[in-house]
Amino acid sequence: MIIAVVQIPMPRRPREAAIAAQTKSAPTYRALADKGLLRKDYLNGDAGGGGVYYWTSRAAAEAWYTPEWRSKAKETFGAEPIVTFYETYVTVDNVSGETIVRK
């Protein structure tokens, strides 16, 4: 599994504004289930906004973060997104009470 952390330098949004924008864009990411997106957590903080994306593979993630995607993000948010990829081998899931090891 690949985790992509997308950071967009922008002012922190008020909670209600962040929720409104994030729920509005959620269908876009729901539609990526068959393209390898497992989960997305939206971010809103002092350092800006963005998301933590959980992908089935690096190839699936890179297929999403195209030059067109970057251009649209910059146009929408007024700043160039920074994308960092991480491989994850072990997950501690306290909700399900398990430790998941990926081979």
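What counts, and where the lines are drawn
Residues numbered from 1 in each chain as written. Predicted model: local features only at pLDDT ≥ 70, side-chain atom pairs only at ≥ 80, totals over all residues. Heavy atoms only, no water. Salt bridge = Lys/Arg side-chain N within 4 Å of Asp/Glu carboxyl O. Helix = DSSP H or I, 4+ residues; strand = E, 2+ residues; numbered from the N terminus. Buried < 20%, exposed > 50% of the residue type's maximum accessible area, 1.4 Å probe, protein only. Core = buried A, V, L, I, M, F, W, Y, C linked by side-chain atoms within 4.5 Å. Contact = heavy atoms within 4.5 Å. Polar contact = N/O pair within 3.5 Å; in protein donor to acceptor, adjacent residues only side chain to side chain. Pairing = 2+ DSSP bridges. Axes fitted to C-alpha atoms, helices over the stretch in contact; angles between N-to-C directions.

### Here we look at the pattern of salt bridges
Note on pairing: side chains with opposite charge can pair once their charged atoms come close. Evaluation of the coordinates by the stated rule reveals three salt bridges. The closest approach of N and O atoms between R58 and E62, which form a salt bridge, is 2.7 Å. With R58 and E62 both in helix α2 (residues 58–64) and four residues apart, this pair spans about one turn of that helix. Of the charged contacts in the structure, one is a salt bridge between R70 and E80, with a shortest N-O distance of 4.0 Å. Here the residue R70 occupies a position in helix α3 (residues 67–77), and E80 occupies one in the loop between α3 and β4 (82–87), the gap between them amounting to 10 residues. Under the relative-accessibility criterion, R70 is labelled partly exposed at 27%. Since its relative accessible area comes to 38%, E80 is described here as partly exposed.

### Some details on the nonpolar core
Within the largest apolar cluster, 16 residues are counted, with the highest numbers of intra-cluster contacts made by V6, Y53, W55 and Y65. Those elements that place two or more of their residues in this core are β1 (2–8), β3 (48–55) and α2. At four residues, the largest contribution of residues to this core is made by β1. What V6 contacts, discounting residues up to four positions off in sequence, is L43, G49, G50, G51, Y53, Y65, W69, P81, I82 and V83.

### Section: the environment of W55
Relative to the helices and strands, W55 resides in strand β3. Along the primary structure W55 and I3 are separated by 52 residues, whereas in three dimensions their C-alpha atoms are 6.2 Å apart. Dropping the residues within four chain positions of it, W55 is found in contact with M1, I2, A4, L32, K35, G36, L37, L38, A60, A61, W64 and Y65. At a separation of 3.2 Å, a polar atom in the side chain of W55 contacts the side chain of Y65.

### Quick look at the sheet that holds strand β2 (residues 37–45)
Sheet architecture is open: four strands sit in the order β2-β3-β1-β4, paired in antiparallel fashion. Edge positions in the sheet fall to β2 and β4, since each of these pairs with one other strand and no more. Taken over all neighbouring pairs, the strand axes of this sheet differ in orientation by 15 degrees on average, direction set aside. As defined by bridge partners, β1 adjoins β4 across six bridges and the pair is classed as antiparallel. Each bridged residue has a counterpart across the sheet, and for Q7 the counterpart in β4 is I82. Lying over the sheet, helix α1 (residues 15–30) contacts β2 and β3, oriented at roughly 160 degrees with respect to β2.

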